[in-house]
Amino acid sequence: MKVKMAKLIMCLFTLLPVKKIIVFESFFGKQFSDSPKAIHKFLLENKNEYPYRLIWAVKPGYEDEFIKQNIETVKRGSFKWLVLMARASYWVNNVRVPDWVVKNKKTTYLQTWHGTPLKKLGLDIEKLTMPGIDQATYRKTLVSDTSKWDFLIAQNDYASEKYQSAFNLSADKVKVTGYPRNDFLKNFDVDFVDEMKKEIGISTSKKVILYAPTWKDNNSHEKGSYRSVLDIDLEKMYSVLGAEYVLLIKWHYLISDQIKIPEKFKGFAIKVPQTYDINSYFVISDFLITDYSSVFFDYANLQRPIIFFTPDWETYQNEVRGMYSDIIADLPGIVVDTTTALIEAIITPTYPSTQFIESYCSQDDGAATERIVSSVIKKTLKGS
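Only a predicted model underlies this, so the values are computations on that prediction, with no experimental measurement involved.

(A) Structural detail: the packing of helix H9 (residues 234–241) against helix H14 (residues 339–347). In the contact formed by H9 and H14, the axes pass within 10 Å of each other and the chain directions differ by 30 degrees. With respect to H14, the axis of H9 lies roughly parallel. Crossing hand, H9 versus H14: right-handed. Where H9 approaches H14, its residues Lys236, Met237, Val240 and Leu241 are matched on the opposing element by Thr339, Thr340, Leu342, Ile343, Ile346 and Ile347. For the contact of H9 with H14, the per-class residue count stands at seven nonpolar, two polar and one charged.

Here it is, written out as structure tokens:
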């Protein structure tokens, strides 16, 4: 459907009253995950208090997990999706929607986002290196979307400050409640660990290393499609750690291609499915390796070792995205740039400090979902 027609349809249907509907979306309709999933779960468990019809927008080809969970869905981009979006009481999303999407004046848009930033975001990016878009267009479309946000969730005060400048938001629109998705990290059942390991074929006797890097603006195929880059020397890691460890590789949702792992590393290096929420991989791992991804803020809740593998640190800081300098000094782990140093950091681990956890994770106390739902979503609503 052409954008002009889609926009016209939405404009017409926004003239009608809203219904008791909440439309959820996670990572462009590709996942049942993240904070939208946590909010959905809470609303289902408290449906008498929150009598809404809960519908997920799903990109074609990604329906399996929703079918398995018996969740009501709508095809993202379809006529029905346009109508539901135009008449929903709430949108709950963790990424941006297309800037042409029209919001009903009575719809509340709860933007959960998906991580406290280390790398610069939005309007704070001084040099844009993403393909297919110039800086002026990027800023214009960003502000077009964020102007529709009624509330944005922040994990901590630091994130709140950065979001206000990056997304052109006033302080009253940012809710510092902690991340709903991280309630799981405080409340998960210990039996889940063994069950998850069994499901993806990991021996319970092995220690688990999770490698979860971000996408790189300068490593792209085209607009919105990024390359996977594996700078780790698997041969060296396997020779030292193979008998005792397993390496799980979890790509970012924007990475479209997948590096093939040589057969000789089978059982040691495993590319894990994107269908599982990343928190599932957090709780089964003993270490986290990342680069500039926000995942370390969440993982710190588990008080397990974090390693920053950043062989391109200078390039990324000075020529690509850039990082927020005030967080660099507080990184909760060791920074390395070679596989040899990475192996050493695994053998002699460094744990997040109590100060870091108190500063950046104090709101992740297991009750973030209830806080945000009770402060944003009405328990009663006129309509049908």
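Okay, back to it.
(B) Fine view of the pattern of salt bridges. The full count for this structure, using the stated rule, is 15 salt bridges. For Asp34, the salt bridge goes to Arg181, with nearest N and O atoms at 2.5 Å. Of this pair, Asp34 sits in helix H2 (residues 34–45) while Arg181 sits in the loop between strand S7 (174–176) and helix H7 (183–187), placing them 147 residues apart in sequence. The exposure class assigned to Asp34 is buried, which follows from its relative accessible area of 4%. Put simply, Glu65 and Lys68 hold a salt bridge, and the shortest N to O gap is 3.4 Å. With Glu65 and Lys68 both in helix H3 (residues 64–68) and three residues apart, this pair spans about one turn of that helix. Residue Glu65 is classed as buried on the basis of its relative accessible area, which comes to 18%. For Lys68, a relative accessible area of 61% puts it in the exposed group.

(C) Representation of the packing of H2 against helix H16 (residues 368–376). At a minimum axis distance of 10 Å, the contact between H2 and H16 shows a crossing angle of 75 degrees. Here H2 is positioned roughly perpendicular relative to H16, judged by the angle of their axes. Residue-level inspection shows Ala38, Ile39, Phe42 and Leu43 of H2 in contact with H16, the latter providing Thr369, Glu370, Ile372 and Val373. Of the residues in the contact of H2 with H16, the class split is six nonpolar, one polar and one charged.

(D) Structural view of the sheet that holds strand S4 (residues 88–93). Read from one edge to the other, the open sheet built from seven strands follows the order S3-S2-S1-S4-S5-S6-S7, with strand pairing classed as parallel. Strands at the two margins of the open sheet, each flanked by one partner only, are strand S3 (73–75) and S7. Neighbouring strand axes in the sheet, compared pairwise and without regard to direction, differ in orientation by 25 degrees on average. Note that strand S5 (residues 108–111) and strand S6 (residues 151–154) share two bridges and pair parallel. Pairing of Leu110 across the sheet is with Phe151, part of S6. Taken strand by strand, helix H4 (residues 79–87) contacts strand S1 (19–25), strand S2 (53–58), S3 and S4, and its axis lies near 105 degrees from that of S4.

(E) Summary view of the packing of aromatic side chains. In this structure the tally under the stated criterion is 30 aromatic pairs. Each ring, one from Trp81 and one from Trp100, has its centre 6.5 Å from the other, and the planes form 80 degrees; the classification is edge-to-face. Taken together, the residues span a long stretch of sequence, with Trp81 in helix H4 and Trp100 in the loop between S4 and S5 at a distance of 19 residues. The exposure class assigned to Trp100 is buried, which follows from its relative accessible area of 19%. Each residue in the set Trp91, Tyr109, Trp113, Trp149, Tyr163 and Phe167 is aromatic and connected to the rest through ring pairs, giving one cluster. Sitting over the face of the ring of Tyr179, Arg181 holds its NZ or CZ atom 4.9 Å from the ring centroid.

How each quantity is defined
Residues numbered from 1 in each chain as written. Predicted model: local features only at pLDDT ≥ 70, side-chain atom pairs only at ≥ 80, totals over all residues. Heavy atoms only, no water. Axes fitted to C-alpha atoms, helices over the stretch in contact; angles between N-to-C directions. Helix = DSSP H or I, 4+ residues; strand = E, 2+ residues; numbered from the N terminus. Parallel < 35°, antiparallel > 145°, perpendicular 65-115°, else oblique. Left-handed = near helix turned anticlockwise from the far one by under 90°. Contact = heavy atoms within 4.5 Å. Nonpolar A, V, L, I, M, F, W, Y, C, P; charged D, E, K, R; others polar. Salt bridge = Lys/Arg side-chain N within 4 Å of Asp/Glu carboxyl O. Buried < 20%, exposed > 50% of the residue type's maximum accessible area, 1.4 Å probe, protein only. Pairing = 2+ DSSP bridges. Phe/Tyr/Trp six-rings, centres within 6.5 Å; stacked < 30°, edge-to-face > 60°. Lys NZ or Arg CZ within 6 Å of the ring centre and 35° of its normal.

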